[in-house]
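Observations on chain architecture
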Amino acid sequence: MPYAELKAKADKQEPLPTFVLKGVRITFNLDAEYEVVRTQYSHNVVGIVEGADPLLKNTYVAFGAHYDHVGFASGPVMDTPSGPRRQGTPGRVTDGAIDDIVWNGADDDGSGSVSVMAVAKAFAQGPRPRRSTVFVWHTGEERGLWGSRYYADYPSVPIDAVVAQLNMDMIGRNRDDKPEEANTVYLVGSDRISTELHNIGEDANAGMPKPLTLDYEMNDPADPEGIYFRSDHYSYAAKGIPVIFYTTGLHPDYHANTDEVDRINFEKMTRITQLVYETGLAVANLDHAPARDNKGPRAGKAK
Ligand SMILES: [Zn+2]
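Residues numbered from 1 in each chain as written. Predicted model: local features only at pLDDT ≥ 70, side-chain atom pairs only at ≥ 80, totals over all residues. Heavy atoms only, no water.

**Focus on the overall build of the chain**
The secondary structure content of the chain amounts to 7 helices and 11 strands. Its C-alpha atoms give the chain a radius of gyration of 21 Å, within 12% of the compact-globule value 19 Å for 303 residues. Each of the three principal axes of the chain carries a C-alpha extent, and together these read 60 × 60 × 40 Å. Within the chain, the proportion of its 303 residues that are buried is 44%. Relative to all contacts within the chain whose residues are 6 or more apart in sequence, the contacts with residues 24 or more apart total 82%. Here the chain displays about 16200 Å² of accessible surface, and carbon together with sulfur accounts for 55% of that area. (Helix = DSSP H or I, 4+ residues; strand = E, 2+ residues; numbered from the N terminus. Rg over C-alpha atoms; globule rule 2.2 N^0.38 Å. Buried < 20%, exposed > 50% of the residue type's maximum accessible area, 1.4 Å probe, protein only. Contact = heavy atoms within 4.5 Å. Areas by Shrake-Rupley, 256 points an atom, 1.4 Å probe, with all protein chains shown as cover.)

Structural data, given as structure tokens:
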């Protein structure tokens, strides 16, 4: 198999062929020495609602979002060739917002964080499903999925008992601020590990009073943004757990100090939260865990 072909397949995240190399010996020399330069502590926040079924309550449906964002600017405003600029900004500075030193991250991911709170409240106060539900507000997502990776490695419930993970990151806007996106939410990864989970998600949407437009464009392995790998659900998918990632996509305030709460579309966000709740509820009441058929990304409702 020529290397170029293998690499092309890997780039497209297609399954790679396996073959045996006879009489080959490989030596890895790993230098695991490092020096701690700086230590900062941060916490994931976890809540659990116990399920109603005596056996199934030992299995879990997980919901997640990230509560960190990129930070704040501590530097002074300096004159530069392109005009006054604040120094040491952690993200983009949008015109007219030079005095705003806090990157609020209202959409990224305040939207997901409060939605997980709403879903947790619904499970805590509403009808109990058979399975338990676990809610994780991840930290350090913006630094590279640190909180979710830590949680997947050191979970508060047995990771093998998590039957699905539903992640919300940026669910409060319209992609590129386009009005025609008002009914659209992007689902990523839903069919990659479990076709059954994908179908549960579609059926939950179809059963809503006003179904959303589910768009799978960003689930395409050729998606140039590589969205599947860029939020916390991936830490769970990497452990083989079926996931669905919900997002309304990028917009001009992405990682800018203008990602403000007054730009959030709460009506749309509430409907997405309802969809996540209904999908999670269906999985939490299922008598079996969603089958892991690992067929990889496909478009539309799988048969
Ligand atoms: Zn985010």
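Next comes the rest of the write-up.
**Quick look at the pattern of salt bridges**
Proximity of charged atoms lets side chains of opposite charge pair with each other. The full count for this structure, using the stated rule, is 14 salt bridges. For Glu225, the salt bridge is made with Arg230, and the minimal N-O distance between the two is 2.7 Å. Judged by relative accessible area, which is 40%, Glu225 ranks as partly exposed. A cluster of three or more residues bridged by salt bridges with shared partners is formed by Arg173, Asp177, Asp253, Asp262 and Arg263. (Salt bridge = Lys/Arg side-chain N within 4 Å of Asp/Glu carboxyl O.)

**Notes on the coordination of the zinc ion**
Distances from the zinc ion to its protein donors, His66 (NE2), Asp108 (OD), Asp169 (OD) and Asp169 (OD), fall at 1.9 to 2.5 Å. By relative accessible area, Asp108 is classed as buried at 2%. (Donors = N, O, S within 2.8 Å, 3.2 Å for Na, K, Ca; no water.)

**Structural notes on the nonpolar core**
One finds Phe63, Phe135, Val185, Tyr246 and Leu275 to be the most contacted residues of the largest nonpolar core, which totals 36 residues. Among the secondary structure elements, those contributing two or more residues to this core are strand S2 (60–66), helix H2 (106–125), strand S7 (132–138), strand S8 (162–168), strand S9 (184–188), helix H5 (195–206), strand S11 (243–247) and helix H7 (266–285). In terms of residue count, the dominant contributor to this core is H7 (7 residues). Counting 20 residues, the second largest nonpolar core, distinct from the first, contains Ala62, Tyr151, Ile227 and Ile241. (Core = buried A, V, L, I, M, F, W, Y, C linked by side-chain atoms within 4.5 Å.)

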